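# A closer look at the structure
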Amino acid sequence: MKEKIKEFILSLGVDDAGIASVKDYKSPRSPDLQTIFPGAKSLVVLAYRELSNCESDNMQIATGGRLEALEFGRSSNYRVARFLERELKAKAMTVPPSYPLLMSYETRGTVGDVSLRHAAIAAGLGNFGRHNLVIHPTLGSRAVFTAVITDLDLVSDPPVSERLCTDCNLCVEDCPAHALDEEGKTDDMKCLKNSQPYGIGSAIRFWTKFAEGTTEEQKKMVKDVNFWRLYQAGFIGFQYFCFNCMKNCPIGQ
Ligand code: B12
C-alpha cells in the first residue's frame, strides 16, 4: 500500500515522499496529533525542492519562488488526501506548508500545529543540520515539506542514519540576525525580524505611530515604502527577505 501511495505522489511531480507512523513522530513542543485528528495513525510527508529563485537578491522573485512551492504543496496535499480517501477508503487531513498558524501574543505565530521538520525526519526524509533545517539526502537544505495525516496504519520508512550536515558552520556565519548562534535552537524573534521585516511587529509599530500622528504625518506615512510593503504583506502573506541558511548551505546546491 505504501508503494501505491508513493507512486501516486511522485506522479504529481513531487520530489520525494516518506511515511511515518505517528508513534515515531516526536516533536516535544507540538500538540498531540490525536487532539488534531483522533484516530490518526500515520503521516505521509511530501518533499519539494525550493526553486533557484531563493538565490536572487530581488525580493519579489525570491519570495515568488517560495509562493509557487507553497501553492504546489497545497494542491499536492489536496490531491494526496483525496487519493487516500477515494482509492484507499481512508480518512485524511492535510498539514499546510506554512500558514495558517496560531497567531497570538504568546506564540507570535512561530509554532505550527504539526512540526513538518520532525514529521520529515520520522518519515526518513533527512535529519537536522546545524541551521535547524532538515537536510534531505538529495535535495539538500533546499527542501520544503507538507504532510497528510491519515488513519491508515502504516509502518515508518527507515530513518536516514548518516548525518548529512558537515558542520561547515557557513549557515551560522552567514546569518545576518545571529539567530543560529546557539546550537539546536533558532532564535525565532531574531530570524523573524530580519527575514520578515514587514511582519506583525512592523505592522504594530507602523499603525501605532500612524494613530498617534498628525494629519500631515499620516499623509507622509502612507507615501512611505513601509506602508506599501505592509499593504502587500497583508494580502500575499509572508514576504521573506532572507534565505541565507537555505541557499548558502553547500549540501544539495
Ligand atoms: C513558524 C515557522 C518559522 C518561524 C519560527 C521557527 C520555529 N519555531 O521553528 C520562523 C520565521 C523563524 C521560520 C524561519 C524559517 N523557516 Co520556517 N517554519 C515555521 C513553521 C510554519 C512552523 C515551525 C514550528 O512550529 N515548528 C514546531 C516547533 C514546535 O518546533 P521546535 O521544536 O521549536 O523546533 C526547533 C527544534 O526542532 C530545534 N532543533 C533543531 N535541531 C534539533 C535537533 C534535535 C535532536 C531536537 C530534539 C531539536 C532540534 O530547532 C528548531 C528551531 O528552533 C514550519 C512549518 C511547519 N508546520 O512545521 C516552517 C518550516 C520549519 N520553515 C521552513 C523554512 C524553509 C524556513 C526558513 C528558511 C525561511 C525562509 N526564508 O525560507 C527560515 C529558517 C530558519 C531556521 N534556520 O531555523 C521549512 C523548513 C524546511 C526544512 N528543510 O527543514 C518549514 C518546515 C516549512 C516547510 N513547509 O517546509 N519558520
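## A short note on the overall build of the protein chain
Broken down by element type, the protein chain carries ten helices and six strands. Relative to the 2.2 N^0.38 estimate, which gives 18 Å for 253 residues, the radius of gyration of the protein chain is 20 Å and therefore close to what a compact globule would have. On the principal axes, the C-alpha backbone points of the protein chain span a range of 65 × 40 × 30 Å. Here the protein chain, with 253 residues, has 32% of them falling under the buried criterion. Looking at the protein chain alone, contacts between residues at least 24 apart form 71% of all its contacts between residues at least 6 apart.

## Things to note about the nonpolar core
Grouped together as the largest cluster of nonpolar side chains are 52 residues, with contacts concentrated most on Leu-43, Val-45, Leu-46, Ala-47, Ala-119, Ala-120 and Ala-147. Taken together, domain 1 (2-164) and domain 2 (170-245) each give at least three residues to this core, which thus spans both. Here Ala-119 is in contact with Ala-20, Tyr-25, Leu-43, Val-45, Val-114 and Ala-147, once residues within four sequence places are set aside.

## What to know about the domain arrangement of the protein chain
Taken domain by domain, the protein chain holds domain 1 (2-164) and domain 2 (170-245). Domain 1 and domain 2 are separated by 26 Å when their C-alpha centres are compared. Every contact between the two is made by 14 residues of domain 1 and, on the other side, 14 residues of domain 2. In terms of residue class, the side of domain 1 that touches domain 2 is made up of six nonpolar, six polar and two charged.

## What about the environment of Asn-244?
For Asn-244, the location among the structural elements is in helix α10 (residues 244-247). Residues Asn-244 and Met-221 lie 23 residues apart in sequence; the distance between their C-alpha atoms is 31 Å. In this structure, Asn-244 is in contact with Asp-174, Cys-175 and Pro-176, ignoring residues within four places of it in sequence.

## Regarding the site of the ligand
Near the ligand lie 34 residues; those nearest to it are Arg-29, Gly-112, Leu-116, Val-144 and Thr-186. Of all elements in the fold, only α4 (116-122), β6 (143-150), α6 (188-195) and α10 reach the threshold of two or more residues within the shell around the ligand. In the shell around the ligand, the residues fall into 18 nonpolar, eleven polar and five charged. Lining the shell around the ligand are residues from two domains, each supplying at least three of them: domain 1 (2-164) and domain 2 (170-245).

## Details of the packing of helix α7 (residues 200-212) against helix α9 (residues 225-236)
Helix packing geometry: the angle between the two helix axes and the distance between the axes. At their nearest, the axes of α7 and α9 sit 11 Å apart, and the two run at 130° to each other. One way to sum up the angle between α7 and α9 is to call them oblique. At the point where α7 passes α9, the crossing takes the left-handed sense. Contact with α7, carried on its side by Ser-202, Ala-203 and Phe-206, involves Asn-226, Phe-227 and Leu-230 of α9 and no other residues of that element.

Reading the values: rules and limits
Residues numbered from 1 in each chain as written. Predicted model: local features only at pLDDT ≥ 70, side-chain atom pairs only at ≥ 80, totals over all residues. Helix = DSSP H or I, 4+ residues; strand = E, 2+ residues; numbered from the N terminus. Rg over C-alpha atoms; globule rule 2.2 N^0.38 Å. Buried ≥ 20, exposed ≤ 12 C-beta atoms within 10 Å, placed from the backbone. Contact = placed C-beta atoms within 7 Å. Core = buried A, V, L, I, M, F, W, Y, C linked by C-beta atoms within 7 Å. Domains from an automatic or database assignment. Nonpolar A, V, L, I, M, F, W, Y, C, P; charged D, E, K, R; others polar. Near = placed C-beta within 6 Å. Axes fitted to C-alpha atoms, helices over the stretch in contact; angles between N-to-C directions. Parallel < 35°, antiparallel > 145°, perpendicular 65-115°, else oblique. Left-handed = near helix turned anticlockwise from the far one by under 90°.

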